[in-house]
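Chain residues, written in single-letter form:
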Amino acid sequence: MIGSTNLNEGEKQMKYFKQFLIILFISFIGEALKMLLPLPIPASIYGMVLLFAGLVSGVIPLDSVKDTGKFLIEIMPVMFIPAGVGLMESWGILKPMMVPVIVITVVVYLMVMIISGHCTQFVIRHGKSEMKSNEGTKEKLEKEEPVYEKVEVADYE
C-alpha cells in the first residue's frame, strides 16, 4: 500500500515536471524568435502568443499545461518582490522622473478603463441583439407545456 502511494506521488511530480518543461520549451522558442526577428517585441510575448496558438489549435492539449499554469499563477505575487526591491533601490534615479511617471500612469489607467468600458458595452449590446434574433427559438420553447414539480415547504415554527 505504501509503495502505491509513493508511485502516485512520483507520477504527480513527473506530471508537474513535464508540464513545466512544456512551458519552458515554449518560452525558449519565444527567446529564439526574439533573437531572429528584428521586432521590438519581448520574448515573453512571443512565448505567450505561441502557447495561446497551441492551446487554441489543439496542438497543445490544455491538460498538458493546466496544473503547472495554475501553480505559476498562484505564486505570481511572490515574483514581484524582487522587482519591488529593485524599485526601492533605484529610488535616487526614479525620484526626478516621478511626476512624468505618475502622469503617464494616470493617463494610461484612464484610457484602459474607458476602452474596457466601451468594449464591455459593445459585447453586452451585441449579446442583446443576438438574443433578440434568437427570440423565435425562445418563443418556440415557451409554447411547450412546462413541467412543474410539487414542492413541499416544511413548517419551521
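As a reminder, the structure under discussion sits directly above these lines.
Cut-offs and rules
- Residues numbered from 1 in each chain as written.
- Predicted model: local features only at pLDDT ≥ 70, side-chain atom pairs only at ≥ 80, totals over all residues.
- Heavy atoms only, no water.
- Helix = DSSP H or I, 4+ residues; strand = E, 2+ residues; numbered from the N terminus.
- Buried < 20%, exposed > 50% of the residue type's maximum accessible area, 1.4 Å probe, protein only.
- Contact = heavy atoms within 4.5 Å.
- Areas by Shrake-Rupley, 256 points an atom, 1.4 Å probe, with all protein chains shown as cover.

### Details of the overall build of the protein chain
Right, on to step 1. From N to C terminus, the protein chain includes 7 helices and 0 strands.
Right, on to step 2. The linear arrangement of helices and strands in the protein chain, starting from the amino end, is α-α-α-α-α-α-α.
Right, on to step 3. When each of the 157 residues of the protein chain is scored for burial, the buried share is 8%.
Right, on to step 4. Taking all contacts inside the protein chain whose residues are at least 6 apart in sequence as the whole, residues at least 24 apart take part in 46%.
Right, on to step 5. Total accessible area on the protein chain stands at roughly 14100 Å², and carbon and sulfur atoms take up 71% of it.

### As for the environment of Phe25
Right, on to step 1. Here Phe25 lies in helix α1 (residues 2-36).
Right, on to step 2. A residue is classified by how much of its surface remains accessible, and Phe25, at 53% relative accessible area, is exposed.
Right, on to step 3. The spacing of Phe25 and Gly47 is 22 residues in sequence and 9.0 Å in space, taken between C-alpha atoms.

### Some words on the side chain of Thr68
Right, on to step 1. Structurally, Thr68 can be placed in helix α3 (residues 66-74).
Right, on to step 2. Ignoring any residue separated from it by four or fewer positions in sequence, one finds Thr68 in contact with Tyr16, Gln19, Phe20 and Ile23.

### Examining the side chain of Gln19
Right, on to step 1. Residue placement: Gln19 occurs in helix α1.
Right, on to step 2. On the basis of relative accessibility, which here comes to 2%, the residue Gln19 falls in the buried class.
Right, on to step 3. With residues near it in sequence (within four places) discarded, Gln19 still touches Asp63, Ser64, Val65, Lys66, Asp67 and Thr68.

Keep in mind these numbers describe shape, not what the thing actually does.
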